[in-house]
Amino acid sequence: MTERDRVEAAFGRRAVSLGHARERLDGELGVLERDGAVVVISAHRLGLAAVPVLDLARLERLDVGGNGLVELPPLPASLRELYIYDNQLERLPALPRNRNHLVELPPLDGIDFVYAASNRLVEPPAMAGCRYVNLGGNPLAALPRDPAIEELRLEDAGLVSLPASIAELVNLRELHLRGNRLTALPALPLKLRVLDLRGNQLDDLPDLSHLPLVKLDLRWNPLRKPPAWLDRLGDALVYA
């Protein structure tokens, strides 16, 4: 019996193949396989009364949102993403932990995608040509300076300030800074289109209306009042 067969038997229904890891199906069971292993399960709004125990060694993403669940079974140690919104859960089972505790990385040249979240990095690795970089959950004292970076994720990194050198990331389109302790912002890269500042300590903001922003998230900051320049962002999605 394949892993897909086991998933279908556990959920009691046929599965649809997902086109990509982030695809979500309403009312259908979806799976994504890699080398014969099920790595993603979408069980969104299936009317589930319970989630079966999933003995899947390589499951990375599980979406069981919108089911009215009251409990979850033990979760696979491989799990990295869990979506449980719109249920009736009062407690969670022990969640899998990142077993890495990296304090340094070697130089990363020509690596397109860098995901080193939830380690113990104080200094980012030297890198060149990296377009996606996720260093969230590390106690960073400095930021990467690779001008090739297009998306930079620094959620929950304990940042109290951003260095002026961030403006040197001339190709940066997305900057994710949720859950830090920022009280001010320096000049930001001029191509920035997505800026997530949720859960910081900002009570005021510089004028960002010169940036080509399509999304700006300011929620959970002690802003004295929404800045007047927000009106100049046009059709950008603004959450304040």
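Above this text is the structure in question.
Residues numbered from 1 in each chain as written. Predicted model: local features only at pLDDT ≥ 70, side-chain atom pairs only at ≥ 80, totals over all residues. Heavy atoms only, no water.

(A) Inspection of the pairing of strand S2 (residues 29–34) at higher detail. Taken together, the three bridges between strand S1 (residues 15–17) and S2 define a ladder with parallel strand orientation. From the neighbouring strand, Val16 faces S2, where its bridge partner is Gly30. Between S2 and strand S3 (residues 37–42), which follow one another and run antiparallel, lie two residues, and Asp35 among them has a positive phi close to 55 degrees. (Pairing = 2+ DSSP bridges. Helix = DSSP H or I, 4+ residues; strand = E, 2+ residues; numbered from the N terminus.)

(B) Representation of helix H1 (residues 3–11) in the model. Along H1, the residues classified as buried are Glu3, Arg4, Val7, Glu8 and Phe11. The arc that holds the buried residues of H1, viewed along the axis, is 140 degrees, so those residues lie on one side. Taken together, the buried residues of H1 touch S1, S2 and S3. Just downstream of H1, Gly12 is the residue with a positive phi angle, here 70 degrees. (Buried < 20%, exposed > 50% of the residue type's maximum accessible area, 1.4 Å probe, protein only. Arc of directions from axis to C-beta. Contact = heavy atoms within 4.5 Å.)

(C) The arrangement of the pattern of salt bridges in detail. Applying the stated rule across the entire model yields 18 salt bridges. Arg4 serves as the salt-bridge partner of Glu33, at 3.0 Å between the closest nitrogen and oxygen. Pair noted here: Glu33 is in strand S2 and Arg4 is in helix H1, with a separation of 29 residues, a long-range link. Given a relative accessible area of 16%, Arg4 falls into the buried group. Arg198 serves as the salt-bridge partner of Asp196, at 2.6 Å between the closest nitrogen and oxygen. Since its relative accessible area comes to 6%, Asp196 is described here as buried. Here the salt bridges do not stand alone but share partners, grouping Arg4, Glu8, Arg14 and Glu33 into one network. (Salt bridge = Lys/Arg side-chain N within 4 Å of Asp/Glu carboxyl O.)

(D) Focus on the nonpolar core. Ranked by size, the top nonpolar core spans 38 residues in total, and within it Leu159, Leu175, Leu177, Leu188, Leu195, Leu197 and Leu216 carry the most contacts. Residues within four places of Leu216 in sequence aside, it is in contact with Leu195, Leu197, Trp229, Leu230, Leu233, Leu237, Val238 and Tyr239. Counting residues in hydrophobic clusters, the runner-up holds 20 residues, among them Phe11, Leu46, Val51 and Leu69. (Core = buried A, V, L, I, M, F, W, Y, C linked by side-chain atoms within 4.5 Å.)

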